[in-house]
Amino acid sequence: MSSSKPSSSENIVAQKYDRCLADLIVKAGLGFGVGVVASVILFRRRTWPVSLSTGFGLGAAYADCDRSFNPARLQGARLLPSREEQK
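What this report covers is the structure whose coordinates are included nearby. (Residues numbered from 1 in each chain as written. Predicted model: local features only at pLDDT ≥ 70, side-chain atom pairs only at ≥ 80, totals over all residues. Heavy atoms only, no water.)

**With respect to the overall build of the protein**
No. 1: Secondary structure summary: the protein contains three helices and zero strands in total.
No. 2: Ordered by position from N to C terminus, the α and β elements of the protein give α-α-α.
No. 3: Burial status across the protein gives 15% buried among its 87 residues.
No. 4: Of the contacts formed within the protein by residues at least 6 apart in sequence, a portion of 50% connects residues at least 24 apart.
No. 5: Counting every atom, the protein has about 7,600 Å² of accessible surface; 60% of that belongs to carbon and sulfur. (Helix = DSSP H or I, 4+ residues; strand = E, 2+ residues; numbered from the N terminus. Buried < 20%, exposed > 50% of the residue type's maximum accessible area, 1.4 Å probe, protein only. Contact = heavy atoms within 4.5 Å. Areas by Shrake-Rupley, 256 points an atom, 1.4 Å probe, with all protein chains shown as cover.)

Here it is, written out as C-alpha cells:
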C-alpha cells in the first residue's frame with residue numbers, strides 16, 4: 001500500500017547528492033585504510049602512500065558522481081537523435 005507520488009526534481013537532486021556524499025566518504029575511507037596498511041607494511045611508515053590512495057578514492061568518487069549528474073559523459077556512449085529530429 002505504497003502511494004507512489006512523483007518525486008520533485010529537488011528530491012531527485014538531493015538523493016543524488018546524498019549518494020555522492022556517501023560514496024565519497026566510503027571510497028576516501030577505503031583509500032585511507034589501504035594507504036595506512038600499505039604504509040605500515042610496505043613503505044616503512046611513509047606518508048605518501050596514505051595521501052596517494054586517499055586521492056585515488058576521492059578521484060573515483062568524483063568520477064562516479066560526475067557520471068550520475070551528467071550521463072552524457074559516459075565513455076563509449078553516444079546520444080542518438082530522436083526520430084522527430086531526423087526528419
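**Remarks on the pattern of salt bridges**
No. 1: All told, the structure shown has three salt bridges when counted by the stated rule.
No. 2: Two residues, Asp23 and Lys27, come together in a salt bridge whose shortest N-O distance is 3.6 Å. Separated by four residues within a single helix, Asp23 and Lys27 lie in helix α1 (residues 9–41), roughly one turn from each other.
No. 3: On the accessibility criterion, Asp23 (21% relative accessible area) is partly exposed.
No. 4: Arg67 is the partner of Asp64 in a salt bridge, and the nearest nitrogen-oxygen pair spans 2.8 Å. (Salt bridge = Lys/Arg side-chain N within 4 Å of Asp/Glu carboxyl O.)

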